[in-house]
Amino acid sequence: MWVASSTELTLKPTAVALGKFDGVHLGHHKVIQPILPPALEQTRRKEQENTPTSSPTQPTQPPEQTYSTVVTFNPHPLEFFTGQPRPLLTPLDEKVQQLRSLGVEQLVLLPFDKELSALSPQDFVEQILVKQLQCRRISVGQDFCFGKQRRGTAKDLQLLAAKYHIPVTIVSLQTYTDHAPTQETPISTSLIRHYLESGEVKNANLLLGRPYTLIGTVVQGEKMGRTIGFPTANLQLPQNKFIPRYGVYAVRAAIVSETPDVTTPHQNLGVMNIGNRPTVNGSKLSVEVHLFDWCSDLYGKKLAVQLVEFLRAEQKFPCLEHLKTQIQLDCDIAREVLRPKC
Ligand SMILES: Cc1cc2nc3c(=O)[nH]c(=O)nc-3n(C[C@H](O)[C@H](O)[C@H](O)COP(=O)(O)O)c2cc1C
Ligand SMILES: Nc1ncnc2c1ncn2[C@@H]1O[C@H](COP(=O)(O)OP(=O)(O)O)[C@@H](O)[C@H]1O
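Here the structure is a predicted model, which is why all the values come from computation and not from measurement.

Turning our attention to the overall build of the protein. Looking only at helices and strands, the protein features 10 helices and 16 strands. Across the 342 residues that make up the protein, the buried fraction comes to 45%. Excluding contacts between residues fewer than 6 apart, the proportion of contacts in the protein whose partners are at least 24 apart in sequence is 73%. About 18,200 Å² of surface is accessible on the protein, with carbon and sulfur atoms providing 54% of the total.

Pasting the structure below:
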């Protein structure tokens, strides 16, 4: 997938899905769907790529090729306006990986600055979408707002783009059925963040359409884990990764290459602790995983850890012996949680 940090570097013409897409959740999938080339078209393109010269059987006038493009803002507009770094469900690398798996060909990161934030809805359409991105088709969510002070709505976009004969698909908010009595709740990034903050991992995973995943490089810790019989791989996460509720989780993990593939099976089962380790008077955040049935070195490797279930809050134990007993219990519970159910 091509990642462009400006419109000059963009492959054109484009079919564009617009939004922030943090999390790339099930609602986002629906917004992205209309800009993806149909399966048949994808096959044709692949065939063309493999054919060195044009063959007489090819259609004489193939439809114009557009690049399926997700257009988003960098930094996140909230970060720009508040000056506060915003932790993300999917930092850039993970977002790229998720979009690629959906079949998106290009990600454009529009530099969100004073100039861009001051564009009127009309100027945004004319300058960015029409002139710079050569947009042929657009898809947005129903609640999409754009232009200066978020004045433009999805309907406005539809009207403005119609002047240039650009069709705009407005995707209604995807909902999921919450607890009884069946209540339809819109899927949103903020709801997923709420679930993760409160340890409701299963709900978060349901809305994401996949498990929430922490991807990081294994770094050295204080080498205490091995002394209590539970070595833990300490993960260094991207600085802006959203951290879920502190505590202990049942997890599935995979050792991944530099560019992790979403299809990598997460075969290694284990337990993860997220917190500051009050028992050993730790003061900074540590994210560490103990893998079951594993005994070799992981330093420097990249691990992708899927959160499956929140087991308990982090506690301060009176001594390491008590912590050790509790971790053994955590492992037993996690094995049960992770056991394939028939
Ligand atoms: C499953 C699990 C549960 C843990 N629970 C706690 C806890 O409740 N309180 C705490 O202070 N530390 C907890 N820890 C963190 C340990 O204190 C930590 O693994 C140990 O200090 C070793 O750290 P090291 O990897 O830097 O050597 C937990 C670790 C694991 C793997
Ligand atoms: N089952 C296991 N789970 C996690 N890490 C393991 C395991 N077995 C061996 N290791 C290795 O041991 C290291 C963790 O040992 P530990 O004593 O906790 O040291 P550190 O404090 O550096 O994390 C991991 O980084 C990894 O290289």
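Using the criterion set out here, one finds eight salt bridges in the structure. Between E64 and R136 there is a salt bridge; the shortest N-O distance is 3.0 Å. Placement of E64 in the loop between α2 (39–50) and β3 (67–74) and of R136 in strand β5 (residues 135–141) is noted, with a sequence separation of 72 residues between them.

Among the 21 residues in the neighbourhood of ligand 2, the closest are listed as G221, K223, R226, L298 and Y299. Between L298 and ligand 2, the recorded distance is 2.6 Å, taken from a backbone N or O atom to an oxygen atom. Among the secondary structure elements, those contributing two or more residues to the shell around ligand 2 are β12 (233–236) and β15 (286–291). Here the shell around ligand 2 takes three residues from β15, the largest share from any one element. Of the residues contributing to the shell around ligand 2, the split by class is 10 nonpolar, seven polar and four charged.

Before going further, it helps to examine the side chain of R312. For R312, the position within the fold is in strand β16 (residues 302–312). Engagement of the side chain of R312 in a polar contact is seen with the side chain of D330, the distance being 2.8 Å. R312 has contacts with G247, V248, F317, Q326 and D330, leaving out every residue within four places of it along the chain.

Another point: the sheet that holds β15. Strand pairing in a sheet is mediated by backbone hydrogen bonds. Such pairs are either parallel or antiparallel. A barrel is described by the order of its strands in space; here six strands give the closed sequence β11-β12-β15-β14-β13-β16, paired in antiparallel fashion. Ignoring which end each strand starts from, the neighbouring axes of this sheet average 45 degrees apart.

Here we take up the site of ligand 1. Surveying the vicinity of ligand 1 reveals 22 residues, the closest of which are M224, G225, T232, T279 and Q315. With respect to ligand 1, the side chain of R277 contributes an N or O atom lying 3.0 Å from an oxygen atom. A distance of 2.6 Å separates a nitrogen atom of ligand 1 from a polar atom in the backbone of Q315. Burial of ligand 1 by the protein amounts to 99% of the accessible area it has alone, namely 620 Å².

Taken residue by residue, the protein gives an average pLDDT of 91. The fraction at 70 or more is 90%. Two summary scores accompany this predicted model of the complex, namely pTM at 0.91 and ipTM at 0.96.

The next subject is helix α9 (residues 201–208). In an α-helix, one full turn covers 3.6 residues, which means residues spaced three or four apart are oriented alike. The element α9 is extensively covered by neighbouring structure, given that six of its eight residues are classed as buried. Every buried residue of α9 is listed here: V201, N203, A204, N205, L207 and L208. Against the buried residues of α9 lie α1 (26–32), β9 (175–177), α8 (189–197), β13 (247–256) and β16. G209, located one to two residues past α9, shows a positive phi value of around 80 degrees.

Turning next to the sheet that holds strand β4 (residues 106–111). Read from one edge to the other, the open sheet built from six strands follows the order β1-β4-β3-β2-β5-β8, with strand pairing classed as parallel. Lying at the two open borders of the sheet, with one neighbouring strand each, are β1 (2–4) and β8 (168–171). With strand direction ignored, the average angle separating the axes of adjacent strands in the sheet is 20 degrees. The pairing of strand β2 (residues 14–18) with β5 spans four bridges and is parallel. Its bridge partner being in β5, T14 is matched across the sheet by C135.

Further remarks concern the environment of D297. Structurally, D297 is set in the loop between β15 and β16. Remark: the alpha-carbon pair of D297 and G229, spanning 68 residues in sequence, is separated by 15 Å. From its side chain, D297 meets the backbone nitrogen of Y299 in a polar contact 2.9 Å long.

Time to look at the side chain of T189. Of note, T189 is situated in helix α8. Note on T189: relative accessible area 15%, which makes it buried.

Here is what the cut-offs are and how they apply
- Residues numbered from 1 in each chain as written.
- Chains lettered and ligands numbered in written order.
- Predicted model: local features only at pLDDT ≥ 70, side-chain atom pairs only at ≥ 80, totals over all residues.
- Heavy atoms only, no water.
- Helix = DSSP H or I, 4+ residues; strand = E, 2+ residues; numbered from the N terminus.
- Buried < 20%, exposed > 50% of the residue type's maximum accessible area, 1.4 Å probe, protein only.
- Contact = heavy atoms within 4.5 Å.
- Areas by Shrake-Rupley, 256 points an atom, 1.4 Å probe, with all protein chains shown as cover.
- Salt bridge = Lys/Arg side-chain N within 4 Å of Asp/Glu carboxyl O.
- Near = heavy atom within 4 Å.
- Polar contact = N/O pair within 3.5 Å; in protein donor to acceptor, adjacent residues only side chain to side chain.
- Nonpolar A, V, L, I, M, F, W, Y, C, P; charged D, E, K, R; others polar.
- Pairing = 2+ DSSP bridges.
- Axes fitted to C-alpha atoms, helices over the stretch in contact; angles between N-to-C directions.
- pLDDT = per-residue confidence, 0-100.

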